[in-house]
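# Residue-level structure breakdown
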Amino acid sequence: MVSHLRAIKAGKVVIHFDLDALDPSELFVAVGRSPDGLKVQQVVELINGISANFDVVGLTVAEPMPKTAITLRNLLQGIKLFQE
């Protein structure tokens, strides 16, 4: 990634980190699953490599929604006690 950013003469970089890209066997915290996803250490090295070589002006983390939380939300929405 660093070589690609150098090749396009990037100066400022915004990193969009979608948790769906992680290997769910290491960390399952997103809505989707990518069985061949990145390992946690790979992500750490990738982001550290980018930030060591470029001016990172933004970092977003997308879809930090564990499936358990979604299931619980759906369960609670069905309980009349919690409805207006």
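Quick note: structure is the one above.
In what follows, the accompanying structure is described.

Scoring rules and cut-offs
- Residues numbered from 1 in each chain as written.
- Predicted model: local features only at pLDDT ≥ 70, side-chain atom pairs only at ≥ 80, totals over all residues.
- Heavy atoms only, no water.
- Helix = DSSP H or I, 4+ residues; strand = E, 2+ residues; numbered from the N terminus.
- Rg over C-alpha atoms; globule rule 2.2 N^0.38 Å.
- Buried < 20%, exposed > 50% of the residue type's maximum accessible area, 1.4 Å probe, protein only.
- Contact = heavy atoms within 4.5 Å.
- Areas by Shrake-Rupley, 256 points an atom, 1.4 Å probe, with all protein chains shown as cover.
- Core = buried A, V, L, I, M, F, W, Y, C linked by side-chain atoms within 4.5 Å.
- Salt bridge = Lys/Arg side-chain N within 4 Å of Asp/Glu carboxyl O.
- Polar contact = N/O pair within 3.5 Å; in protein donor to acceptor, adjacent residues only side chain to side chain.

So, on to the overall build of the chain. From N to C terminus, the chain includes three helices and two strands. When the helices and strands of the chain are listed from N to C terminus, the series reads α-β-α-β-α. Whereas a compact globule of 84 residues would reach a radius of gyration of roughly 12 Å, the chain reaches 18 Å, over 25% beyond that. Referenced to the eigenvectors of the C-alpha coordinate spread, the extents of the chain come out at roughly 55 × 30 × 15 Å. The buried share of the chain, taken over its 84 residues, is 19%. Sequence-distant contacts in the chain: of pairs separated by 6 or more residues, those separated by 24 or more amount to 65%. Total accessible area on the chain stands at roughly 6200 Å², and carbon and sulfur atoms take up 60% of it.

In this structure, Val2, Leu5, Val13, Ile15, Ile50 and Phe54 together form the largest nonpolar core, which totals six residues. Once you skip the residues sitting within four places of it in the chain, Val13 turns out to touch Leu5, Ile50, Phe54, Asp55, Val56, Val57 and Gly58.

For the coordinates displayed, the defined rule picks out two salt bridges. Put simply, Asp55 and Lys12 hold a salt bridge, and the shortest N to O gap is 3.1 Å. You can see Asp55 sitting in strand S2 (residues 55-62) and its partner Lys12 sitting in strand S1 (residues 12-18), a full 43 residues away along the chain. The exposed category is assigned to Lys12, whose relative accessible area is 61%. Put simply, Asp23 and Lys39 hold a salt bridge, and the shortest N to O gap is 2.4 Å. Taken together, the residues Asp23 in the loop between S1 and helix H2 (40-53) and Lys39 in the loop between S1 and H2 connect sequence positions 16 residues apart. By relative accessible area, which is 7% here, Asp23 ends up buried. Relative accessible area serves as the criterion here: at 33%, Lys39 is assigned to the partly exposed category.

Moving on, we come to the environment of Met65. Secondary-structure assignment places Met65 in the loop between S2 and helix H3 (67-77). Relative accessible area serves as the criterion here: at 33%, Met65 is assigned to the partly exposed category. Spatially, the C-alpha atom of Met65 lies 9.8 Å from that of Asp20, the residues being 45 residues apart in sequence.

The subject of this paragraph is the side chain of Asp23. Among the polar contacts made by the side chain of Asp23, one reaches the side chain of Lys39 at a distance of 2.4 Å. The residues touching Asp23, leaving out its near neighbours within four places in the chain, are Ser34, Pro35, Gly37, Leu38 and Lys39.

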